[in-house]
2 protein chains.
Amino acid sequence: MDSSKVQVPVLKDLNIDNITENTIIINSQGNDARLKYVMERLVTHLHDFARETRLSTSEWMAALNFLVRVGQISSDVRHEFILLSDILGLSLLVDAIDHPKPASSTEGSVLGPFHTHEAETIVNGQEMTSDPQGEPCLVICKITDVQGNPIQGVKVDIWETDSTGHYDVQYSERDGPDGRCVMKSDDKGDFWFKAIVPVPYPIPHDGPVGQLLKLLNRHPWRPAHMHFMFEKPGWDHLITALYLRGDPYETSDAVFGVKQSLVVDLGRADEETAQQYGVQVGSKVLRHDFVLVSDAETEKLRDENALAAMKKLGRNVKLLNHLPVPDLD
Amino acid sequence: MDSSKVQVPVLKDLNIDNITENTIIINSQGNDARLKYVMERLVTHLHDFARETRLSTSEWMAALNFLVRVGQISSDVRHEFILLSDILGLSLLVDAIDHPKPASSTEGSVLGPFHTHEAETIVNGQEMTSDPQGEPCLVICKITDVQGNPIQGVKVDIWETDSTGHYDVQYSERDGPDGRCVMKSDDKGDFWFKAIVPVPYPIPHDGPVGQLLKLLNRHPWRPAHMHFMFEKPGWDHLITALYLRGDPYETSDAVFGVKQSLVVDLGRADEETAQQYGVQVGSKVLRHDFVLVSDAETEKLRDENALAAMKKLGRNVKLLNHLPVPDLD
């Protein structure tokens, strides 16, 4: 729609009943159809939220001050807004919308606030953690497509906490990255490395998100898990994690990340494995195969899901760059 | 509801369709009925927003990074989240909900991000600004109840920009408060002071809110106005402003604050006025009477409006501390 077509109304005497419509009109003067649609839905929901709760001035002010604190505690190594999104279930929801998975592929999980781009690249067999207190855990993985063909040259980010449940970036005096690494799958689609057995840990709860959890009588714990992120041109970006079966927080993850298909059992190294991978007999082993989906397949599935969902909602939309915008034609 | 009654579900395999219900249940373990209701509506709208827009991961990340920037540019003298609320029409809406006005009373307007508690108390006749470039403006006001009876002893906060359109707190090297004051209405309900003629100014647009306005092809201007805030126990807290008629931004205020009843004409001091108030003949004069509403009357009107609105929305609620909560009885 040409911006010149927007008839800007007289913005006076706005009240409970007409403020939403007028805010949407004034926000519709640009040419970005997607931005206009997102802002229209945002303003509608924001205003309906206030109307349905009869939000008071003091609640409004408390909420805005809370959001300031969420922003101000954030830093290069702490993203409290991701954490807030995580505990409100938004992160899981957005991942499910944007990265739909065919039945045979590896499901996604929450990114969390602790991924960093500062990590050493290692090769098969190397250690990705220096924590001597952690219980050694050999991790042996393969990456395939949905037909079972290996995918080589996939960039894999892996990160986990140390044995006390803290990521490297949570230490103010750290020397460099630890408990994280970047690998490439080899020509058989394999990658393997030495880590430690993940432990459950509370998400950072010394900030505003922790205060909110406390107000809501919710615990801040995540079950023991190891994060994985997969990137290769042509393949849908996969952010996921593996969770240890039997963890006390397996069914009550504070950030809703657990999926049945991502819950794994640890094995123990037999003699052959111990010799082949250079670990002690009887030490812990995590074996898992990851299944990636092509960009094309994901895009097709995302488009189909989007159109089906919009139809169910009764919205007349078309897809622009694979994202819904109102269909005004 | 007793928290022990909440049956916490197994939080595994959450997906697009079941994440909302489960987030709401896990958020309902506390005993604060109002918090539970507000969180239920918040999560519902947040998730519906993501579902209706099919929000992408990159849009989600851009939004979270935007919110971090909004928090981080905020300070003791700059509240960018209030500014964001202002330009999204939320501030106007919340004020209208929380401070309903009977027909004969003074309407409210947006607080804006520039009120501070650091202001000198002055008495009738004093100046509240030291800007020699501003055009002098004598302001003569009275405060009454809806029957026209004067109200004495009302604490009045007044603040305006200097002649360049900047509030004192926008100068990094300011010595102290300027262009703002606190007064008390006298035994006739009167207060009067020397100010300058307000000028239009852009809201701060060097930060993330300014970037958003630019993306939306919106201007950041506010029409010339002077802020007033009234407080006295027993009377509903009134936040308002007076706007100059004929301002170029009178009908397109970036923060939706203008109301017809708050638009005023400036007069000029005749000989009698000049002599009585110690100003020059022909200098500008702003006369305005403010009408406050009692707490009791406001509360009654707020309750009635809330129940009527909830009924219209088909929600079964009761009022707890004058705010809606689900009626589970």
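These numbers come from a predicted model, not from an experiment.

Looking only at helices and strands, chain A has eight helices and 14 strands in total. Reported as C-alpha extents along the three principal axes, the dimensions of chain A are approximately 80 × 45 × 35 Å. Across the 329 residues of chain A, 57% fall into the buried class. When the accessible surface of chain A is split by element, carbon and sulfur atoms take 50% of a total near 14300 Å². Each charge class in chain A was averaged separately, 32 positive and 49 negative side chains, and the resulting centres sit 5 Å apart.

Model confidence for chain A is summarised by a mean pLDDT of 95, while 98% of its residues fall at 70 or above. This complex was scored by the predictor with a pTM of 0.93 and an ipTM of 0.93.

So, on to the pattern of salt bridges. All names here are of chain B. All chains considered together, the criterion is met by 42 salt bridges over all chains. Aspartate 236 is the salt-bridge partner of arginine 302, the closest N and O atoms lying 4.0 Å from each other. Here aspartate 236 lies in strand β9 (residues 235–244) and arginine 302 lies in helix α8 (residues 295–312), a separation of 66 residues in the sequence. The class for arginine 302 is buried, based on a relative accessible area of 14%.

Feature annotation in UniProt assigns "domain: Catechol dioxygenase N-terminal" (unreviewed entry) to the following positions: residues 32–105 of chain A. Overall, residues 32–105 of chain A shows 74% helix and 0% strand. The separation of its end C-alpha atoms is 34 Å.

What follows concerns helix α5 (residues 90–98) of chain A. Because the α-helix completes a turn every 3.6 residues, residues three or four places apart line up on one side. Of all nine residues in α5(A), nine are buried; the element is thus mostly enclosed. Considered for burial, the residues of α5(A) that qualify are A:Leu90, A:Ser91, A:Leu92, A:Leu93, A:Val94, A:Asp95, A:Ala96, A:Ile97 and A:Asp98. Residues of α5(A) that are buried in the fold lie against α4 (80–87) and α8 (295–312) of chain A together with α1 (19–26), α2 (33–53) and α3 (57–73) of chain B.

All names here are of chain B. On the basis of which strands lie adjacent, the open sheet formed by six strands has the order β1-β4-β3-β8-β9-β10 and mixed pairing. This sheet does not close on itself; its edge strands, each paired only once, are β1 (120–121) and β10 (263–264). As paired strands, strand β8 (residues 225–232) and β9 are joined by seven bridges and run antiparallel to one another. When the sheet's bridge partners are listed, lysine 232 is paired in β9 with tryptophan 235.

Looking at soluble globular proteins, one finds that nonpolar side chains tend to be buried together. If you look at the biggest cluster of nonpolar residues, it comprises 77 residues, and the most contacted ones within it are A:Leu84, A:Ile87, B:Leu84 and B:Ile87. Discounting residues that sit within four places of it in the chain, B:Ile87 has contacts with A:Thr23, B:Ile203, B:Val209, B:Leu212, B:Leu213, B:Arg218, B:Ala254, B:Val255 and B:Phe256.

Let us look at the packing of helix α2 (residues 33–53) of chain A against helix α5 (residues 90–98) of chain B. Where α2(A) meets α5(B), the axes come as close as 10 Å, and the angle between the chain directions of the two elements is 15°. Comparing their axes, α5(B) and α2(A) come out roughly parallel. Between α2(A) and α5(B) lies a crossing whose hand is right-handed. Here A:Leu46, A:His47, A:Ala50 and A:Arg51 of α2(A) lie close against α5(B), whose contacting residues are B:Leu90, B:Leu93, B:Val94 and B:Ile97.

Residues and elements named next belong to chain B. Residue position: threonine 106 is located in the loop between α5 and β1. Among the polar contacts made by the side chain of threonine 106, one reaches the main-chain amide nitrogen of valine 291 at a distance of 2.7 Å. Among residues more than four places away in sequence, those in contact with threonine 106 are Lys101, Leu238, Thr240, Leu262, Asp289, Phe290 and Val291.

Once that is clear, we can look at the packing of aromatic side chains. Scanning all chains against the criterion turns up 25 aromatic pairs over all chains. Taking the centre distance of 6.2 Å and the plane angle of 10° together, the rings of B:Phe228 and B:Phe230 count as stacked. Relative to B:Phe290, the ring of B:Phe228 has its centre 4.9 Å away and its plane inclined at 45°; by these criteria the two rings are tilted. Residue B:Phe228 is located in strand β8, and its partner B:Phe290 is located in strand β12 (residues 284–291); the two are separated by 62 residues in the primary sequence. Considered together, B:Phe228 and B:Phe290 belong to a single accessibility category, that of buried residues. The structure contains a cluster of three or more aromatic residues connected by ring pairs, namely A:Phe191, A:Phe193, A:Phe228, A:Phe230 and A:Phe290.

Here we take up the UniProt feature "domain: Intradiol ring-cleavage dioxygenases" (unreviewed entry) in chain A. According to UniProt, the feature "domain: Intradiol ring-cleavage dioxygenases" (unreviewed entry) maps to residues 126–278 of chain A in the numbering used here. Secondary structure across residues 126–278 of chain A divides into 10% helix and 34% strand, with the first and last C-alpha atoms of the span separated by 10 Å.

All right, on to the relation of the copies chain A and chain B then. Two chain copies, one operation linking them: a rotation about an axis together with a shift along it. Between chain A and chain B, the superposition needs a rotation of 180° and an axial shift of 0.0 Å, giving an RMSD of 0.0 Å. Such a combination of turn and shift is consistent with a two-fold rotation axis. Proximity to the rotation axis, assessed at the C-alpha, singles out A:Gly71 in chain A; its C-alpha lies 2.0 Å from the axis. The fraction of interface residues of chain A whose copies in chain B are also interface residues reaches 100%, indicating that both copies meet through the same surface.

All names here are of chain A. Counting buried residues along strand β2 (residues 136–144), seven of its nine residues qualify, which places the element largely inside the surrounding structure. Of the pairings in the sheet, the one linking β2 to strand β5 (residues 190–196) comprises seven bridges and is antiparallel in character. Pairing of lysine 142 across the sheet is with aspartate 190, part of β5. Pairing geometry for β2 and strand β12 (residues 284–291), over eight bridges, is parallel. Looking across to β12, one finds that cysteine 137 is bridged to lysine 284.

Our focus in this paragraph is the interface of chain A and chain B. With 86 residues of chain A in contact, the opposing surface of chain B contributes 86 residues. Buried surface at the junction of chain A and chain B, summed over both partners, amounts to about 7900 Å²; 67% is from carbon and sulfur atoms. Counting every contact that joins chain A to chain B gives eight salt bridges. Of the charged contacts in the structure, one is a salt bridge between A:Arg315 and B:Glu52, with a shortest N-O distance of 3.5 Å. Linking chain A with chain B are 41 residue pairs in polar contact (both at pLDDT 80 or more), by the criterion used here. Breaking the side of chain A that touches chain B down by element, the ones donating at least two residues are α1 (19–26), α2, α3 (57–73), α4, α5, α6 (208–215), α8 and β14 (323–326) of chain A.

Definitions and cut-offs
- Each chain has its residues counted from 1, following the order in which its sequence is written.
- Following the order in which they are written, the chains are lettered starting with A and the ligands numbered starting with 1.
- For a predicted model such as this one, the threshold for reporting local features is a pLDDT of at least 70, and the threshold for listing and counting side-chain atom pairs is 80 or more; totals across whole chains, interfaces and linings nevertheless cover every residue.
- Side-chain numbers here rest on the full set of heavy atoms in the structure, without hydrogens or water.
- Helix and strand definitions here come from DSSP, where helices need a minimum of 4 consecutive H or I residues and strands a minimum of 2 consecutive E residues; each element is numbered from the N-terminal end.
- Exposed residues in this analysis have more than 50% of their type's maximum accessible area, buried residues have under 20%, and partly exposed residues fall in between, with area computed by a 1.4 Å probe over protein chains only.
- Areas reported here follow the Shrake-Rupley algorithm with a probe of radius 1.4 Å; residue values treat only the protein chains shown as occluding.
- The charge count includes Lys and Arg as positive and Asp and Glu as negative, but it does not include His or the ends of the chains.
- Think of each charge as sitting on NZ of Lys, CZ of Arg, CG of Asp or CD of Glu.
- A residue's pLDDT is the predictor's confidence in that residue, given on a scale from 0 to 100.
- Within this document, salt bridges are pairs made up of a side-chain nitrogen of Lys or Arg and a carboxyl oxygen of Asp or Glu, the two lying within 4 Å of each other.
- UniProt positions are given in the numbering used here, feature names are shortened, and annotations may be inferred rather than shown by experiment.
- In this description, contact between two residues means that some pair of their heavy atoms is separated by no more than 4.5 Å.
- In this description, strands pair whenever DSSP reports at least two bridges between them.
- Grouping buried Ala, Val, Leu, Ile, Met, Phe, Trp, Tyr and Cys residues that are joined through side-chain atoms within 4.5 Å yields what is termed a nonpolar core.
- Axis definition: a line fitted to C-alpha atoms, limited for helices to the stretch in contact. Angles are taken between N-to-C directions and run from 0 to 180 degrees.
- Roughly parallel means an angle under 35 degrees; roughly antiparallel, over 145; roughly perpendicular, 65 to 115; everything else is oblique.
- Crossing handedness is defined as follows: a turn of the near helix away from the far one that is anticlockwise and smaller than a right angle gives a left-handed crossing, while the clockwise case is right-handed.
- For the purposes of these results, a polar contact is taken to be a pair of N or O atoms within 3.5 Å, where, inside protein, one atom must be able to donate a hydrogen and its partner to accept one; residues adjacent in sequence count only when each atom of the pair is a side-chain atom.
- Working definition: rings of Phe, Tyr and Trp (its six-membered ring) pair if their centres are within 6.5 Å, and the pair is stacked with planes under 30 degrees apart, edge-to-face with planes over 60 apart, and tilted otherwise.
- To line up the copies, we fit them by least squares on C-alpha atoms, keeping just the residues with pLDDT of at least 70 in both.
- Throughout, the accessible surface (probe 1.4 Å) given up by two parts as they are put together, summed over both, is called the buried area.

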